[in-house]
Amino acid sequence: MKKFDVIVVGGGAAGMMAAGTAAANGKSVLLLEKNERLGEKLKITGGGRCNITNAEFDTHLLLKNYGTAASFLYSSFAQFGVEDTFDFFTSRGLPLVVQDQKRTFPRTERAADVCTVLEKYLRESRVTIKSGVRITEILKEGTGLAVVVSNAEKIYGGAVILATGSTSHPETGSTGDGFTWLRDLGHTVHRPTPTIVPLAVKESIVKKLAGITCAAVKISFLVDGKKQFSKKGGLLFTHFGISGPVVLNSAAHVGDLMHQGTVTAVVDFFPATVERTLEQTILALFDQNKNKALKNVFPMIAPARLLVSLPNDYGDIRVHSVTKEQRKLIIRTLKSFSLTITSLMGLDRAVVADGGVDLHEINNKTMESTLRENLYVVGDLLHIRRPSGGYSLQLCWTTGFVAGKNA
């Protein structure tokens, strides 16, 4: 039987960080990955740009974004926090850039470059990598654990770090295998549900709007006509509904609201401008372009294709012929564009799914299981809800480092 000090199962963000850290601390490390290449999900994060962390350096403020898991994470973030993430990547030749809402990306805005840095870290730390390996079972073996691969070969690890990810984007290999093994080893595993996920809508008009992006809108969610909450941020129209940061970060709450009644999303494309001021701006613009068709003037106000949400004949109307009622409809469209939410999209479209091992069964200082000695659990396998904006990858860097250091 082959033997290693540490076996890391899963070659994603958390797994690569864990394996490299354990090896850098002098351990013999084997990294097992079911795909042919490492970091398949990492390469598609942030639309391929890789939102590597969130540049909130105040740990207390940062951890508020992890909800009830904040107290659990304090010890881990004290060992490896946001500043450590910056140092890790910049010291290895990957400068980072901070954008809106403190979202942090590699300056190249290429997720593949993040993978390149991590793979180099693994090579330099002398991690043994086996890809294209299907694991069938994890067993207790003496004081350690044995990983059984598809040809019935057993590989012994003094410690095993599980970093297989949750169930979002199953096409990248995140099919919930880790949850199965953890249940078999006696852990309580909360069922995963999509939390950071786009929303499907009833209105077919979104098909014509698909691809429109708006950098800063306000979106309010209503139940049976009564406002529940609002958020501001970027919006993306898709062929099935709406996405973008403001939607993704609202989805979990919207999912809860859908049990209470009909949920409507009302979009304000000009949240910093009151209706009267917007109307005055539009009147001034119309006055300067009286003889032009509305379709040629509308792009000076808002994204051109939003015009399709107005009645068919609006585009060809000459500006001087626009009636007060028509102008009011344009303003209502820009300030209160209403869509009926029919569902959260599934795990295949989820950026992040919650669910995972109950945190009461994990040592928050080491990421070691409190039920199985020498078993460590990291990243998306932990039952932690968080928004988009770099918080998921930071969770991977932090828990991966802590497990790698302690395994």
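The shown structure was predicted, so the numbers you read here are calculated from the model rather than taken from an experiment.

Rules used throughout
Residues numbered from 1 in each chain as written. Predicted model: local features only at pLDDT ≥ 70, side-chain atom pairs only at ≥ 80, totals over all residues. Heavy atoms only, no water. Phe/Tyr/Trp six-rings, centres within 6.5 Å; stacked < 30°, edge-to-face > 60°. Buried < 20%, exposed > 50% of the residue type's maximum accessible area, 1.4 Å probe, protein only. Lys NZ or Arg CZ within 6 Å of the ring centre and 35° of its normal. Helix = DSSP H or I, 4+ residues; strand = E, 2+ residues; numbered from the N terminus. pLDDT = per-residue confidence, 0-100. Contact = heavy atoms within 4.5 Å. Salt bridge = Lys/Arg side-chain N within 4 Å of Asp/Glu carboxyl O. Polar contact = N/O pair within 3.5 Å; in protein donor to acceptor, adjacent residues only side chain to side chain. Pairing = 2+ DSSP bridges. Axes fitted to C-alpha atoms, helices over the stretch in contact; angles between N-to-C directions. Core = buried A, V, L, I, M, F, W, Y, C linked by side-chain atoms within 4.5 Å. Disulfide = S-S within 2.5 Å. Parallel < 35°, antiparallel > 145°, perpendicular 65-115°, else oblique. Left-handed = near helix turned anticlockwise from the far one by under 90°. Nonpolar A, V, L, I, M, F, W, Y, C, P; charged D, E, K, R; others polar.

Draft legend 1. Just the packing of aromatic side chains, in detail. For the coordinates displayed, the defined rule picks out eleven aromatic pairs. Residues F88 and F89 carry aromatic rings whose centres are separated by 4.9 Å and whose planes lie at 80 degrees to one another, so their mutual orientation is edge-to-face. The exposure class of F88 is buried, given its relative accessible area of 7%. Assessed through its relative accessible area of 1%, F89 is described here as buried. Within the aromatic cluster, the residues linked to one another by ring pairs are F88, F89, Y121 and W397. Stacked on the ring of F105, the Lys or Arg R49 has its end atom at 4.0 Å from the ring centre.

Draft legend 2. How the structure looks around the environment of S71. Its place among the elements puts S71 in helix α3 (residues 70-79). Judged by its relative accessible area of 55%, S71 falls in the exposed class. Put simply, S71 and H60 are eleven residues apart on the chain and 9.6 Å apart in space, counted from C-alpha to C-alpha.

Draft legend 3. Local environment of the confidence of the model for the chain. Averaged over all residues, the pLDDT of the chain equals 90, while 94% of them reach at least 70. Per-element confidence in the chain is highest for helix α4 (residues 82-90), whose mean pLDDT is 98, and lowest for strand β18 (residues 352-353), whose mean pLDDT is 58. When the criterion is pLDDT under 50, residues 167-174 qualifies, and its contacts beyond four places in sequence or with other chains add up to 35 contacts.

Draft legend 4. Representation of the pattern of salt bridges within the structure. Scanning the entire structure with this criterion turns up 14 salt bridges. A salt bridge links K335 to D268, with the shortest nitrogen-to-oxygen separation between them at 2.9 Å. Placement of the pair is K335 in helix α12 (residues 324-335) and D268 in strand β16 (residues 263-268), with a sequence separation of 67 residues. When sorted by exposure, K335 lands in the same class as D268, which is buried. In this structure, E279 engages K328 in a salt bridge whose closest nitrogen and oxygen atoms are separated by 3.3 Å.

Draft legend 5. Region of interest: the environment of H360. Along the polypeptide, H360 turns up in the loop between β19 (356-357) and β20 (375-377). For H360, the side chain forms a polar contact with the side chain of D358, separated by 2.8 Å.

Draft legend 6. View of the sheet that holds strand β12 (residues 199-201). The six strands are arranged β12-β15-β14-β13-β16-β17 in a closed barrel whose pairing can be described as antiparallel. On average, each strand axis in the sheet is inclined to that of its neighbour by 45 degrees, with strand direction left out of account. Bridge count between β16 and strand β17 (residues 337-344): four bridges; the pairing is antiparallel. Pairing of A265 across the sheet is with L339, part of β17.

Draft legend 7. Local environment of the nonpolar core. Residues L42, Y66, F89 and W397 are the most contacted members of the largest nonpolar core, which totals 82 residues. Contact partners of Y66, with chain neighbours within four places excluded, come to L73, F77, I384, R385, R386, Y391, Q394 and L395. In this structure, L235, V246, Y314 and I317 belong to the second largest nonpolar core, which totals 49 residues.

Draft legend 8. Expanded view of the state of the cysteines. Counted according to the given criterion, the structure contains zero disulfides. No disulfide involves C50; its sulfur sits 7.3 Å from that of C115, the nearest cysteine. Given the relative accessible area of 0%, C50 is considered buried.

Draft legend 9. Inspection of the packing of helix α1 (residues 13-24) against helix α13 (residues 391-406) at higher detail. In the contact formed by α1 and α13, the axes pass within 7 Å of each other and the chain directions differ by 30 degrees. For the element pair α1 / α13, the angle class is roughly parallel. The crossing of α1 and α13 is right-handed. Packed against α1, whose contacting residues are A13, A14, M17, A18, T21 and A22, the element α13 presents L393, C396, W397, G400, F401, G404 and K405 at the interface. Split into classes, the residues belonging to the contact of α1 with α13 amount to nine nonpolar, three polar and one charged.

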